[in-house]
Amino acid sequence: MQSRRKFLKDQFFVIDWETYYDKDCTIKGTTAWEYCKHPLFDPYLVGLCWGDGEDESWAGDPLEFDWGRLEGRYAIAHNRGFDYPVTLRAIEMGRMPDINIKGWYDTSAMSCYFQLGRSLQDAMRGVFGEDMSKDVRDYMKGKTWENIVMEGRADEVIAYAKTDAVLEWRLFEQLYPYIPQKELDLEDLTIRMGERGL
């Protein structure tokens, strides 16, 4: 299968948020927009990737990152319907600057186009034959960042966030060149319609 579209990596970056959640502060049964308004909502950690080099990925407190290096790029998320509203809320909360993001791409939608499944686990298995664990994510339920630090698992959680961002970059790099533009346009329109509502 030949590439249909040139992939210029300096136009893109992956953004993957880790946020506080518990049985009450949860996206289940509501929307990401409403979840972001919960009093306990906290976008305490972000994973970023803008290439396949060792120095082209990062994870940590969003206040500690130099966001200027990603200015004017397209954002990639594995579930734009979550990471986009979280990004807007993080900006509103002063957790990151209001940088110029040219647009958004969703690797979960791309994965579904190829009938590989929506979750990152299913997509990685379908494209690369690789399994991944979400044990760290399960551990994070009901944990504030302060809890995670006190329990000595901060480095593990940061590594998990960074790994997810790198995996999403690999997925985008593999799928993006082969998605028809009409499909990308339809995906974008559908997500925008969902955000606007009736």
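If you're wondering where the values come from, they're calculated on a predicted model, not measured in any experiment.

Cut-off values and rules
Residues numbered from 1 in each chain as written. Predicted model: local features only at pLDDT ≥ 70, side-chain atom pairs only at ≥ 80, totals over all residues. Heavy atoms only, no water. Helix = DSSP H or I, 4+ residues; strand = E, 2+ residues; numbered from the N terminus. Rg over C-alpha atoms; globule rule 2.2 N^0.38 Å. Buried < 20%, exposed > 50% of the residue type's maximum accessible area, 1.4 Å probe, protein only. Contact = heavy atoms within 4.5 Å. Areas by Shrake-Rupley, 256 points an atom, 1.4 Å probe, with all protein chains shown as cover. Lys, Arg positive; Asp, Glu negative; His and termini not counted. Charge placed at Lys NZ, Arg CZ, Asp CG, Glu CD. Core = buried A, V, L, I, M, F, W, Y, C linked by side-chain atoms within 4.5 Å. 1 Å grid on protein atoms, 1.4 Å probe; cavity = no way out; pocket = protein on both sides within 12 Å on 5 of 7 lines; lining within 4 Å. Points joined across faces, edges and corners; volume = space filled by probe spheres on them. Nonpolar A, V, L, I, M, F, W, Y, C, P; charged D, E, K, R; others polar. Salt bridge = Lys/Arg side-chain N within 4 Å of Asp/Glu carboxyl O. Pairing = 2+ DSSP bridges. Right-handed = clockwise from strand over helix to strand, strands pointing away.

> What is the right way to read the overall build of the chain from this model?
Of the regular secondary structure elements, the chain holds eight helices and five strands. In sequence order, the secondary structure elements of the chain are arranged as β-α-β-β-β-α-β-α-α-α-α-α-α. Taking 2.2 N^0.38 as the reference for a compact globule, 198 residues should give roughly 16 Å; the C-alpha atoms of the chain span a radius of gyration of 16 Å, in line with that estimate. Overall, the C-alpha framework of the chain stretches about 50 × 45 × 30 Å when taken along its three principal axes. Counting across all 198 residues of the chain, residues that qualify as buried make up 45%. For the chain, the share of sequence-separated contacts (at least 6 apart) that also reach a separation of at least 24 residues comes to 73%. Summed over all atoms, the accessible surface of the chain reaches about 10,600 Å², with 48% contributed by carbon and sulfur. In the chain, 25 side chains carry a positive charge and 36 a negative one; their mean positions are 5 Å apart.

> Please clarify how the nonpolar core should be interpreted in this entry.
In a soluble, globular protein the nonpolar side chains are often hidden away together inside. Core analysis: the largest hydrophobic core is formed by 36 residues, its most contacted members being Phe13, Ile15, Trp17, Leu48, Trp67, Leu70 and Met140. A per-element tally of this core places helix α7 (residues 154–175) first, with four residues. Contact partners of Phe13, with chain neighbours within four places excluded, come to Leu48, Cys49, Trp50, Leu70, Arg73, Tyr74, Ala75, Ile76, Ile101 and Trp169. Listed in part, the 19 residues of the second largest apolar core include Cys49, Tyr105, Leu171 and Tyr176.

> Just to check I follow, could you spell out the layout of surface pockets for this structure?
The rolling of a water-molecule-sized probe over the atoms marks out the regions of remaining empty space. Computed from the structure, the largest pocket encloses a volume of approximately 860 Å³. Elements supplying a minimum of two residues to the lining of the largest pocket: β1 (12–18), α2 (80–92), α4 (120–128), α5 (135–139) and α7. The residue inventory of the lining of the largest pocket, partitioned by class, reads eight nonpolar, eight polar and 14 charged. Estimates place the volume of the second largest pocket at around 260 Å³. As for the second largest pocket, its lining consists of 16 residues, and the residues nearest its centre are Arg80, Gly81, Thr190, Ile191 and Gly194. Elements that contribute at least two residues to the lining of the second largest pocket include exactly α1 (32–35), α2 and α8 (181–196).

> What should I look at first to understand the pattern of salt bridges in this one?
A complete count under the given rule lists 13 salt bridges for this structure. Put simply, Lys134 and Asp164 hold a salt bridge, and the shortest N to O gap is 2.8 Å. Taken together, the residues span a long stretch of sequence, with Lys134 in the loop between α4 and α5 and Asp164 in helix α7 at a distance of 30 residues. Owing to a relative accessible area of 3%, Asp164 belongs among the buried residues under this scheme. Bridged by salt links that share partners, the residues Asp122, Arg125 and Asp131 form one connected network.

> Just to check I follow, could you spell out unusual backbone geometry for this structure?
A negative phi angle characterises most non-glycine residues, just as the trans form characterises most peptide bonds. Even without being a glycine, Asn79 presents a positive backbone phi close to 110°. Asn79 sits in the partly exposed class, given a relative accessible area of 36%.

> Just checking my understanding: could you explain the environment of Glu151 for this structure?
Mapped onto the secondary structure, Glu151 falls in the loop between α6 (145–150) and α7. Owing to a relative accessible area of 42%, Glu151 belongs among the partly exposed residues under this scheme. With residues up to four places along the chain from it excluded, the contact list for Glu151 reads Tyr139 and Lys143.

> What exactly am I supposed to notice about the pairing of strand β4 (residues 74–77) here?
Each regular strand carries side chains that alternate between the two faces of the sheet. Two elements, β1 and β4, share three bridges in a ladder whose sense is parallel. Its bridge partner lying in β4, Phe13 is registered against Ala75. Sheet analysis places β4 next to strand β5 (residues 103–106), joined by four bridges and oriented parallel. When the bridges of β5 are listed, Ile76 appears paired with Tyr105. Note on the crossover from β4 through α2 to β5: the handedness is right-handed.

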